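# A structural walkthrough
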Amino acid sequence: MFTEQYDCPLLAHNTFGVEAKAYCLLTYASEDELKAVLAHVGQQHTGRPLLHIGGGSNLLFLSDYEGVLLHSAIHTVEVTGQTEEHVFLRVGAGVVWDDFVEYCVENHYYGVENLSLIPGEVGAAAVQNIGAYGAEAKDVIETVETISMEDASKHVFTNADCAYGYRKSFFKTGEGRQYAVTYVNFKLNRLFIPNMAYGGIRAVLEEKGIPSDEVTAADVRRAVIGIRRSKLPDPCELGNAGSFFMNPVVGRDVYERLSAKWHDMPYYILENGQVKIPAGWLIEQCGWKGRPLGRAAVHDKQALVLVNKGGATGRDILALCEAVRSDVRQKFGIDLRPEVNIIGGMVK
Ligand code: EPU
C-alpha cells in the first residue's frame, strides 16, 4: 500500500537543504500503487497541484508547497535480455542513480561509468537527460515506461519519442509533464569502450599511470568520482543542487562577437553549428566565484554551483541566482537559464 505523509518536512527531499514543508507526500512502490495514489488524489485532494519528485537534487522550494508531492519507491533492477554485445536492463524510477552505475560497473555492463556520482534517481535521470564527462543518459536509454498522472493510463516512450536534447526531454514540456516515469529500460554494452572525450578523465588516468589500453570501467568511475569530489560540494556538507544554470547555447554570430573580446573564453562547437559556452566561466568573469550573498554563495571551486551556507531559504538562493544572472546579462548579453526546477515561483 502507498504511504501518505501530511505536513511533510522537505529537508530530506531537497539537496539544497532548504527547510520547507509539503501539504502531503505520497510514496508508491509499484505501478498499481501509483494508480491507487492517483485515484486517491482525485477523491481526496481535488484541485491541489501535483508534483512528481525524485531525489530532490534538482529542486529549489521557494516556500512551503501547498500541493501533493509524488515519489517513486520502485527499486527493482532486472536484466531483461542479453546478446553477445548488449545487455538490457529494466530499472525502477526510484533507484538511486549512482547505485545503478555502481551495479553496472560491478557487473561489467558498460556505458554509464562516466555518469558516476551524479545525484538523483533513475526516473529523474530520464526526464532531465543527465550528462557529464562526454556522456548523457539518452545515449543508453531504449524506452521509458510511464503512467499518465491525468488518467492513470500506461505509456511507453521510445528514445526518439523522448525528444532528448541537452538537459531536455519531452517530459519537461507542457504535454510531457503529465507522465510519471515508472521504469527506464537501458541498453548497455558488454564490451568496454572507454569514453575519454572529456580531457579531465584522460589526465587523471595518465597521472595514475594507467595505460590507455588497460583502462577499465572501474578506473573511469574512480577518475570521475575524483574529479567530481574535487569540484562539486557534497550536499551532506554544503547544500547545493549541482549546476544551478545550464550552459548557454548561442549562435555562431554571438560566439564570434564574444570571442573577439574574450580571447580565453572556453567553448564547444555543437553538431548543429551552435556554440555552448560554460556558464561557470561567465559567472567567474563577473567576479562571483566564491562570493556570498546573504546565506547563499557561489561555490568557490565551480562557479556554476550555488550553495546554501547554512539556513538559506529558497528565496535567498533565488536572490543570488537573479544577481548572478543580472551581472552576466550586463557583461556578456547572455541570459543564463536555471537548470534547477524552481518550485513556487517563476524565473523571468
Ligand atoms: N569554468 C570556469 N570557472 C568555473 C567553472 C568552470 O572557468 O568556475 C570553465 C572550466 O575551466 C572549463 C569549462 O568552464 O573550461 C567547463 O567546466 P567543467 O568541465 O567543470 O564543466 P561545466 O560545463 O561547468 C558541465 C555540467 C556538469 C558536468 C560537467 C562535466 C552543465 C550545466 N553542467 O559543467 O553537470 O559535471 O559539465 O561534464 O552542463 C550538473 O548538471 O549538475 C553537473 C554538475
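Quick note: structure is the one above.
Keep in mind that this is a model prediction, so the values were computed, not measured.

### Some words on the pairing of strand S13 (residues 239-243)
- With four of its five residues buried, S13 lies for the most part within the structure.
- As judged from the three bridges shared by S13 and strand S19 (residues 305-308), these two strands associate in the antiparallel manner. Note that in S19 the partner of asparagine 240 across the bridge is valine 307.

### Some remarks on the environment of arginine 90
- Tracing the sequence through the fold places arginine 90 in strand S7 (residues 86-92).
- For arginine 90, the side chain forms a polar contact with the side chain of glutamate 145, separated by 2.8 Å.

### Some thoughts on the sheet that holds strand S18 (residues 296-298)
- With antiparallel pairing, four strands are arranged side by side in an open sheet as S13-S19-S18-S17. Strands at the two margins of the open sheet, each flanked by one partner only, are S13 and strand S17 (292-293).
- Lying over the sheet, helix H8 (residues 314-332) contacts S17, S18 and S19, oriented at roughly 35° with respect to S18.

### With respect to the pairing of strand S6 (residues 77-82)
- With five bridges connecting them, S6 and S7 associate as antiparallel partners. Bridge pairing in S7 links valine 79 to leucine 89.
- From the end of S6 to the start of S7, which pair antiparallel, there are three residues.

### Description of the site of the ligand
- Around the ligand sit 25 residues in total, of which Tyr133, Tyr166, Arg167, Tyr198 and Glu284 are the nearest.
- With respect to the ligand, the side chain of arginine 167 contributes an N or O atom lying 2.7 Å from an oxygen atom.
- Within the contact set of the ligand, an oxygen atom lies 2.8 Å away from a backbone nitrogen or oxygen of alanine 303.
- The fraction of the free accessible surface of the ligand (820 Å²) that becomes covered by protein chains is 82%.
- Elements represented by at least two residues in the shell around the ligand include exactly strand S8 (131-132), helix H5 (217-231), S13 and helix H7 (279-285).
- Residue contributions to the shell around the ligand peak at three residues, all from H7.
- Of the residues contributing to the shell around the ligand, the split by class is 13 nonpolar, six polar and six charged.

### Brief notes about the packing of helix H4 (residues 199-207) against H5
- Close contact between H4 and H5 brings their axes to 9 Å; oriented N to C, the two are set at 110°. Taken together, the axes of H4 and H5 are roughly perpendicular relative to one another. Counted together, Gly200, Ile201, Val204 and Leu205 of H4 and Asp219, Val220, Ala223, Val224 and Ile227 of H5 form the full contact between these two elements.
- Per-class residue counts for the contact of H4 with H5 are seven nonpolar, one polar and one charged.

### Description of the environment of glycine 287
- Within the secondary structure, glycine 287 sits in the loop between H7 and S17.
- Residue classification places glycine 287 among the partly exposed positions, given a relative accessible area of 43%.
- The sequence separation of glycine 287 and proline 119 amounts to 168 residues, and the corresponding C-alpha distance is 28 Å.

### A few points about unusual backbone geometry
- Phi is positive for alanine 152, close to 65°, though the residue is something other than glycine.
- Considering the arrangement of structural elements, one finds alanine 152 in the loop between strand S10 (141-148) and strand S11 (154-158).
- Within the chain, alanine 163 stands out as a residue other than glycine whose phi angle is a positive 50°.
- With respect to the helices and strands, the residue alanine 163 is situated in the loop between S11 and strand S12 (179-189).

The rules behind the values
Residues numbered from 1 in each chain as written. Predicted model: local features only at pLDDT ≥ 70, side-chain atom pairs only at ≥ 80, totals over all residues. Heavy atoms only, no water. Buried < 20%, exposed > 50% of the residue type's maximum accessible area, 1.4 Å probe, protein only. Helix = DSSP H or I, 4+ residues; strand = E, 2+ residues; numbered from the N terminus. Pairing = 2+ DSSP bridges. Polar contact = N/O pair within 3.5 Å; in protein donor to acceptor, adjacent residues only side chain to side chain. Contact = heavy atoms within 4.5 Å. Axes fitted to C-alpha atoms, helices over the stretch in contact; angles between N-to-C directions. Near = heavy atom within 4 Å. Areas by Shrake-Rupley, 256 points an atom, 1.4 Å probe, with all protein chains shown as cover. Nonpolar A, V, L, I, M, F, W, Y, C, P; charged D, E, K, R; others polar. Parallel < 35°, antiparallel > 145°, perpendicular 65-115°, else oblique.

So yeah, pure geometry; function would need other evidence.
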